[in-house]
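Commentary on secondary and tertiary structure
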Amino acid sequence: MASPETPSNDKAQIIEEENNNKMDDKTAKILTACVLIANLIAVVSLVLAFVGVARNSSNEYYITTSGSSSSGDEETQTVKGYNVDVVNAVCQLAGKNCVLVWDVYENCWTSVPGQRSRGGVGLMARWYDACVGWTNTYDRARTLSFSDDFEKPVDLALWVKPGGTIPNWPSLANAKLGFLDGWLTDQHCLNQYSDIFSVNGAFISVRPWNNDHPEFELFWQAPENRCVRGGLGMMVQKDQFELLTWWNAAFQRLTATSQYEDICQRLETAHGDLPGLSAEYVCV
């Protein structure tokens with residue numbers, strides 16, 4: 001006879017089966033939760049894909065004009081500049097409905113001191129299809145793709161206050177140097193010139209038009225731009241093959257027309273309040 005403390009074989013088997021059933025129920029709940037999450041992700045992906053397809057099927061593209069050759073017009077409450085003129089002309093030639101969106105630089109490309117720059121949340125999260133007027137750099141090309149150049153690359157230089165200097169030049173040690181968030185001239189770009197001066201900082205990128213600004217004085221100009229792969233163009237995610245294809249073809253058609261010549265000739269008169277906009281430094 002079995003002792004009161006020891007269950008019979010039948011009872012032991014029943015207890016074991018109950019425990020197994022409990023484990024099976026727990027596993028089933030986990031699997032059900034995983035399936036529900038997977039289905040939710042699939043639905044969200046389908047919705048996003050549908051939105052993208054619907055937009056492109058209607059030839060509609062959202063393009064932000066946070067690049068260098070455009071600005072907001074307070075009087076007309078619109079964006080204007082060389083980039084805007086080119087986008088409007090190219091999209092018209094290609095038969096596309098391009099919607100211009102104004103946004104800050106950092107949402108296209110952003111940087112953190114001491115770290116590698118990265119794609120901005122606006123472009124990476126597909127708030128828009130492209131950022132216009134961005135320089136094709138080695139850093140950016142590792143993350144994003146670029147159209148053919150439609151604007152010449154910027155010149156790189158060090159600028160100081162009138163009468164100012166950089167102590168211990170060509171060493172930049174302990175010098176206070178400024179650079180702008182998202183611009184191509186960060187500390188990694190500066191490292192490309194270590195054979196010319198001792199690097200310990202970063203500098204800003206400006207066009208030769210700053211010679212006309214009394215608050216700046218040219219101190220040193222780079223003999224060549226070592227930080228770029230090309231000029232300025234459309235910056236998009238790597239999967240935007242279709243957009244780049246029609247854009248490049250339409251821009252090539254535009255450059256062969258009198259319309260592009262007119263855009264370039266009118267730069268200083270139409271957008272003279274935007275410093276640096278002259279055909280010599282902008283048009284390709």
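What comes next concerns the included structure. As the structure is a computational prediction, the values presented were derived from the model and not from experiment.

1. Brief notes about helix α2 (residues 82-94)
Spanning 13 residues, α2 covers 18 Å between terminal C-alpha atoms, matching the ideal 18 Å at 1.5 Å per step. Within α2, the full set of buried residues consists of Tyr82, Asn83, Val84, Asp85, Val86, Val87, Ala89, Val90 and Cys91. After α2 finishes, the residue Gly95 shows a positive phi value of roughly 70°.

2. Considerations on the pattern of salt bridges
A side chain of one charge can pair with a side chain of the opposite charge when the charged atoms of the two come close. Under the defined criterion, the tally for this structure stands at 6 salt bridges. The partner of Asp239 in a salt bridge is Arg126, and the shortest N-O contact between them spans 2.6 Å. Of the two residues, Asp239 is situated in the loop between β11 (228-236) and α6 (241-255) and Arg126 in the loop between α3 (121-124) and β7 (130-137); the sequence distance between them amounts to 113 residues. Classification of Asp239 by relative accessible area gives partly exposed; the value is 42%. Among the residues examined, Arg126 registers a relative accessible area of 39% and is labelled partly exposed. Salt-bridge contacts for Arg142 lead to Asp139; the nearest nitrogen and oxygen are separated by 2.0 Å. According to the relative accessible area criterion, Asp139 is buried, its value standing at 15%. Through salt bridges that share partners, Arg116, Asp139 and Arg142 make up one connected network.

3. Brief notes about α6
The first and last C-alpha atoms of α6 sit 21 Å apart over 15 residues, in line with the 21 Å expected at 1.5 Å per residue. Three or more residues of α6 are buried, namely Leu243, Leu244, Trp246, Trp247, Asn248, Ala250, Phe251 and Leu254. Elements that come into contact with the buried residues of α6 comprise β1 (60-64), α2, β4 (97-101), β8 (145-146), β11 and α7 (258-265).

4. Details of the packing of α2 against α7
With their axes 10 Å apart at the nearest point, α2 and α7 run at an angle of 170° to one another. Comparing their axes, α7 and α2 come out roughly antiparallel. Contact with α2, carried on its side by Tyr82, Asp85, Ala89 and Gln92, involves Gln259, Tyr260, Ile263 and Cys264 of α7 and no other residues of that element. Tallied by class, the residues present in the contact of α2 with α7 amount to 5 nonpolar, 2 polar and 1 charged.

The rules behind each value
Residues numbered from 1 in each chain as written. Predicted model: local features only at pLDDT ≥ 70, side-chain atom pairs only at ≥ 80, totals over all residues. Heavy atoms only, no water. Helix = DSSP H or I, 4+ residues; strand = E, 2+ residues; numbered from the N terminus. Expected span 1.5 Å × (residues − 1). Buried < 20%, exposed > 50% of the residue type's maximum accessible area, 1.4 Å probe, protein only. Salt bridge = Lys/Arg side-chain N within 4 Å of Asp/Glu carboxyl O. Contact = heavy atoms within 4.5 Å. Axes fitted to C-alpha atoms, helices over the stretch in contact; angles between N-to-C directions. Parallel < 35°, antiparallel > 145°, perpendicular 65-115°, else oblique. Nonpolar A, V, L, I, M, F, W, Y, C, P; charged D, E, K, R; others polar.

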